[in-house]
Amino acid sequence: VLSLAASILVAVITGLIVWTAGKSGVGAASIESLAVLPLVDKSTSGSSELSDALTEQLIATIGQVDSLNTTSMSSTMRFKSSDLPRTEIARQLGVDAVLDGAITVTEGSSDRRGSVRLDATLIEAGTGARLWSGFAIRQRGDSAALLSDVARSVTRAVRVQVTEEEALRLGQVRGTTPAAEEAYL
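What counts and what doesn't
- Residue indices follow the written sequence of each chain, beginning from 1 at its first position.
- Side-chain atom pairs in this predicted model are given and counted only at pLDDT of 80 or more, local residue features only at pLDDT of at least 70, and totals for whole chains, interfaces and linings cover all residues.
- Computation of side-chain values: all heavy atoms of the structure, hydrogens and water removed.
- Only protein chains enter the calculation, and the probe is 1.4 Å; a residue is then buried if its accessible area is under 20% of its type maximum, exposed if over 50%, and partly exposed in between.
- Secondary structure elements are defined from DSSP: runs of H or I of at least 4 residues count as helices, runs of E of at least 2 residues count as strands, and each element is numbered from the N terminus.
- Here, the arc refers to the directions that run from the helix axis to the C-beta atoms.
- Any two residues whose heavy atoms approach within 4.5 Å at even a single point are treated as in contact.
- Should DSSP find at least two bridges between two strands, the strands are taken to pair.
- Just to be clear on terms, a salt bridge is a Lys or Arg side-chain nitrogen sitting within 4 Å of an Asp or Glu carboxyl oxygen.
- For our purposes a nonpolar core is just a set of buried Ala, Val, Leu, Ile, Met, Phe, Trp, Tyr and Cys residues, chained together by side-chain atoms within 4.5 Å.

Draft legend 1. Main features of helix 4 (residues 86-93). What helix 4 keeps buried is the set Ile89, Ala90 and Leu93. For helix 4, the arc enclosing every buried residue in end-on projection is 100°, short of the 170-degree limit, so these residues lie on one face. On its buried face, helix 4 is in contact with strand 1 (33-36), helix 3 (73-76) and strand 4 (97-106). Positive phi appears at Gly94, one or two residues downstream of helix 4, with a value of about 70°.

Draft legend 2. Local environment of the pairing of strand 1. Going residue by residue along strand 1, you find Ser33 and Ala35 tucked away on one face and Leu34 and Val36 tucked away on the opposite face as well. Of the strand pairs in this sheet, strand 1 and strand 3 (residues 69-70) are connected by two bridges, and their pairing is parallel. By the bridge assignment for strand 3, Ser33 is matched with Asn69. In the sheet, strand 1 pairs with strand 4 via three bridges, with the strands oriented parallel. Across the sheet, Leu34 pairs through a bridge with Ala97, a residue of strand 4.

Draft legend 3. Quick peek at the pattern of salt bridges. Summed over all chains, the structure comprises six salt bridges. A salt bridge links Arg152 to Asp149, with the shortest nitrogen-to-oxygen separation between them at 2.2 Å. Separated by three residues within a single helix, Arg152 and Asp149 lie in helix 5 (residues 143-157), roughly one turn from each other. A relative accessible area of 24% places Arg152 in the partly exposed class. Given a relative accessible area of 9%, Asp149 falls into the buried group. Overlapping salt bridges, with partners in common, bring together Arg138, Asp149 and Arg152 in one network.

Draft legend 4. Representation of the nonpolar core in the model. The biggest cluster of nonpolar side chains holds 30 residues, and the ones touching the most others in it are Leu99, Leu118 and Leu122. Contributing elements (two or more residues each) for this core: strand 1, helix 2 (48-62), strand 4, strand 5 (115-124), strand 6 (130-139) and helix 5. Among the elements that line this core, the one with the most residues is helix 5, at six residues. With sequence-adjacent residues up to four places away left out, Leu118 is seen in contact with Leu39, Ala102, Ile103, Gly134, Phe135, Ala136, Leu146, Leu147 and Val150. Counting residues in hydrophobic clusters, the runner-up holds 10 residues, among them Ala90, Leu93, Val98 and Ala125.

Spelled out as structure tokens, the structure:
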């Protein structure tokens, strides 16, 4: 048990990405458009500034793939905290799928940075089937890498063609510091 706990702690400290594979739906091959719904901040602070900034950055990151149309944040913000079924939101936005998610930010201590965890689920519009779900944990300041990993996983799940140039852009990560992320907000 202690060995398992130590392994989990090391994964968080080093920024190890942990994804769980989701169910691949039959309709995954026909996904050409998606909407990233506003991320929910499940942290104790409940700061919408960070979740909104990460939502906007995730839309921009996924939007780098030309064969996958993404809906703008201004269109999806009206569904923030909405109780509507995800299939209805997708219908109203005219997309094939929605990406729903939440972030949790933990504070660090004097000897280590805190972490950001992103949980996400990709839902097919017509059936409401879960096409993919996963989570990632990164150290604070590594949000760009976290979003890049999510974008790559989503494009794999919907089986869109990603050009070599797009793959390189998705892999390019510019690290920041927790202080820089806070100053940005």
